[in-house]
Amino acid sequence: MKRYLYIGYQTWIKIKYQKKRYFLYILSFYVGLLLPAFCLANIRSVDRVFYFTTFKKMNSSVQIDWFSEKFDILFPEGMEYSIKAYKEENFKQWGDKYVSIIGIDEKYAYPMPDINGRMFNKREMKTGAAVCLVDGQCAKTYSYKVGDGILIRDKKCKIVGILNSSIYSGIVIPYQTMKDIYQNKEKIQFTGTFWGESNNLEKIADKGTKIIEKNDPKSELISTTTGMELYKNALTTKKQWRIVRGLIAMVALTFFALNESIVLIEKRDEEQGTVGIKLALGASRKEMRIEALLETFWITGIAVLLVIVTMNPLARMLQLDNVIVVDGVIIAEMITISLLTCGILARCSIKKIKLYPIALMLKMKETE
Amino acid sequence: MSYIIRRAWQRLKWNKWISILMIIEMILGMSVLVYAMNMYSSLVKEERRRANQSRDLCLEISGFNEKMLSETVALTIQDYEKIQKISSGKTFFYIALPEFYVANDKNYEFTMILADYDKLGLKKGYCYWGSNKESIEDIFTISEMVPRKMPTRINEQSWKTEVENIELKNCVIVPVEYMEQIEQKIEPAYIHMEWNSKELENKDQMLKNIEEYLNKMHGEVYSYRIYSPEIDLKNNGYKVKQSIRVIMQAGILFLIAFLGGMISIFELLFNHRKKAYGISLACGADYRTVFYEMFAEVALLNGIGMFIGIGIGYIVTYFVDMGIMIGYIKVEGSIVSFIASISVYLLITIIVSGKSYIKIKQRKVIELLNGD
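Since we're looking at a predicted model, the values are computed, not measured.

**Q** What is the right way to look at the overall build of chain A in this model?
**A** Counting its secondary structure elements, chain A contains 12 helices and 10 strands. Taken over C-alpha atoms, the radius of gyration comes to 30 Å for chain A, far larger than the 21 Å a tight globule of 368 residues would show. Structurally, chain A occupies a C-alpha span of about 95 × 50 × 35 Å along its principal axes. Burial analysis of chain A (368 residues in total) assigns 47% to the buried set. A separation of at least 24 residues holds for 81% of the contacts in chain A among residues at least 6 apart in sequence. In the structure as shown, chain A presents an accessible area of about 19,000 Å², 59% of it carried by carbon and sulfur atoms.

**Q** For this particular structure, what's the right way to read the interface of chain B and chain A?
**A** Accessible area lost when the parts come together is the quantity often used to give the size of an interface. Facing the 33 residues of chain B at the interface are 32 residues of chain A. Of the roughly 2,900 Å² buried between chain B and chain A, counting both surfaces, carbon and sulfur atoms make up 63%. Area buried by chain B at its contact with chain A is led by F64(B), L253(B) and L268(B), which between them contribute 19% of it. The interface formed by chain B and chain A contains zero salt bridges. Summed over the shared surface of chain B and chain A, the result is five residue pairs in polar contact (both at pLDDT 80 or more). Of all elements in the fold, only helix 2 (16-51) and helix 8 (229-272) of chain B reach the threshold of two or more residues within the side of chain B that touches chain A. Looking at the side of chain B that touches chain A element by element, the count peaks at 21 residues for helix 8 of chain B. For the side of chain B that touches chain A, the residue count by class is 15 nonpolar, nine polar and nine charged.

**Q** Got a minute to help me understand the sheet that holds strand 8 (residues 171-175) of chain B in this structure?
**A** Each strand in a sheet pairs with another by means of backbone hydrogen bonds, the pair being arranged parallel or else antiparallel. Residues and elements named next belong to chain B. Pairing is mixed in the open sheet, where eight strands are placed in the order 5-4-8-3-2-9-1-10. Since the sheet does not close on itself, it has two edges, and those belong to strand 5 (146-149) and strand 10 (222-227), each with one partner. Strand-to-strand twist of the sheet, defined as the mean angle between neighbouring strand axes without regard to direction, takes the value 25°. Bridging between strand 4 (residues 126-129) and strand 8 involves two bridges; their strand directions are antiparallel. Pairing of Y128 across the sheet is with I173, part of strand 8. Taken strand by strand, helix 7 (residues 203-218) contacts strand 1 (57-63), strand 9 (191-195) and strand 10, and its axis lies near 170° from that of strand 10.

**Q** Looking at this structure, I do not really get the pattern of salt bridges. What am I missing?
**A** Taken as a whole and assessed by the stated rule, the structure comprises 28 salt bridges over all chains. The residue D72(A) makes a salt bridge to K179(A) at a minimum N-O spacing of 2.9 Å. Of this pair, D72(A) sits in the loop between strand 1 (61-68) and strand 2 (80-91) while K179(A) sits in helix 5 (residues 175-182), and the two are 107 residues apart along the sequence. Residue class for D72(A) comes out partly exposed when judged on its relative accessible area of 40%. Measuring nitrogen to oxygen at the nearest pair gives 3.9 Å for the salt bridge that ties K124(B) to D118(B). Of the residues examined, D118(B) reaches a relative accessible area of 62% and is grouped as exposed. Beyond isolated ion pairs, a larger network of salt bridges with shared partners links R44(A), D47(A), K238(A), R242(A) and D327(A).

**Q** What am I meant to see in helix 6 (residues 201-215) of chain A here?
**A** Every α-helical turn comprises 3.6 residues, leaving residues that sit three or four positions apart pointing alike. The terminal C-alpha atoms of helix 6 of chain A lie 21 Å apart, and with 15 residues this matches the ideal 21 Å at 1.5 Å per residue to within 8%. Structurally, helix 6 of chain A contributes buried residues whose contacts are with strand 1, strand 9 (188-195) and strand 10 (220-226) of chain A.

Definitions and limits used
Residues numbered from 1 in each chain as written. Chains lettered and ligands numbered in written order. Predicted model: local features only at pLDDT ≥ 70, side-chain atom pairs only at ≥ 80, totals over all residues. Heavy atoms only, no water. Helix = DSSP H or I, 4+ residues; strand = E, 2+ residues; numbered from the N terminus. Rg over C-alpha atoms; globule rule 2.2 N^0.38 Å. Buried < 20%, exposed > 50% of the residue type's maximum accessible area, 1.4 Å probe, protein only. Contact = heavy atoms within 4.5 Å. Areas by Shrake-Rupley, 256 points an atom, 1.4 Å probe, with all protein chains shown as cover. Buried area = accessible area lost by both parts, 1.4 Å probe. Salt bridge = Lys/Arg side-chain N within 4 Å of Asp/Glu carboxyl O. Polar contact = N/O pair within 3.5 Å; in protein donor to acceptor, adjacent residues only side chain to side chain. Nonpolar A, V, L, I, M, F, W, Y, C, P; charged D, E, K, R; others polar. Pairing = 2+ DSSP bridges. Axes fitted to C-alpha atoms, helices over the stretch in contact; angles between N-to-C directions. Expected span 1.5 Å × (residues − 1).

Here it is in structure tokens:
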């Protein structure tokens, strides 16, 4: 054990002695690991998107989308449903930006992200109070905070919360509030989610469609989709996204490994003389391999640490913070992949130690 | 100079596998960067085109009642007259009807434009044929209209819409009143109604009145929206720009990683040649020649990667649709991408060769000969 600690100490001294050179190696490792790290973090963000685009009991639900001017649709008592309204509004006060206005009811199916502030309470939902939630990006861009007012058409809504998620973009208001603003003024896109027994979903969809058409003959049906289909589509998209980003990460990592293995092999070639001396003085080839591994481990470890620490600030600087997620899972994945790469690189760099006899190594000029 | 280039090429061949690896990395980074820059410049070009349009407001018609679509027209001549009254004569209206005619075993394609003759300064009783379609005027006759050559001032015009560019020299212009006779052939997509917002008084109220009028007349079957294509594109293009920016940043990151790898590798390669450089300098070569040698080697390696990367980038731009760009925008190569790629190439080459050269310059000839 003492010998291995000594080898570790020797490696550390060597790095300290050739600070400049190892700084370049660390920088090169850092830059090479950045792209795979961003790809992995982007893959992780897909999980977050998947979470927010699916909901509980999705496989026993059916969704109907339609356009209509009417908000009041009387579904029968026994029907379990939730209706969401959607409209893209031109906000002249925000430089003619098209902002999504989403009206949700108490039974809104999809999970809500973290809110800086509070969610609507039951009274506000029921009475259609003039309150709203704004997405973080808009709040930041137009300097809104909780308590400020936003004018939606002629109605001034008070901001009660700011959404900390890039999935929700725009303004969320209670369904009844949206009704006050848009009823009978123009066509709104509605999404009705209906729950029931899995073998009864078609009947529920038919019933729902008939009620919608009866309530508003001018309504235009867009689509009817089962929750299972929606779930499968979301899953397929998530898989495709993961595959594409995984491939990019793999390509980037492969090129990084190839580049650095060339550098490390050349470096080892230069150090043949020193290695020969150490072997001649009694060190074993195993200890030389451990030394090579420790050296690569030090460089990779520092580079990975730098990547983890600088990822979020870099992402904010490059405006990529809404497409990546850096959490414990990503850190664990980065460390695992880096250790594996480190092992491969170390193995490549010490290949020749096995091949040459000590006498030949002693003849080679080393530059240390 | 040719000797230096041949030497550089020879050295690349000696380090074949390293050279191939570097070239592939350069190709990858450069092609991604060029592709992203081409897409970005196509989007910006379209934004500029829309910003420079004199008529910046358009009418959009969409049909939703499928049962009644074939029986109801989206806009009649009476609607047009009413809208002209509401807008105090500031409405620019035309219908662009694609026509296809077969005669004498030949196929003839042209566009029939139904336009307000008063607005264009044309005489009634005539139909006006564009210069490219004059040969058809005897074959395709329009009832109660004498064919005539289109005046040059109109023949040279091209009317741009969101999805196409109508060149009037390929068209025949007929009076807008003719639409009553061919109502059933007119689909909403052929109808173009435009305004110049600067000419309109009480713009918001006027546009609201027009929308309300049209919805009142045909709201059972069609929905009408007056919008600004420039603002539409600005909003629709926002997410596209984000995606393009991500791709561009990936390309740049790849090139930075490549730069880092290249610096390390060439530092080692040039390190191995210290003695050779020492001998060259001792035999009378000057530092400038040594620099040219290093520069030529790096430039050749990067150059091969750069040109292939640019080529692939342009091919992907024109022939591959990754579903990122808005459908109606034509994605084209841009000279800016080419210039930017050359700049990146020069920057990488100068940094890599410069760094290695500085190390050689800092040492004395005797140190280089001793391999220190």
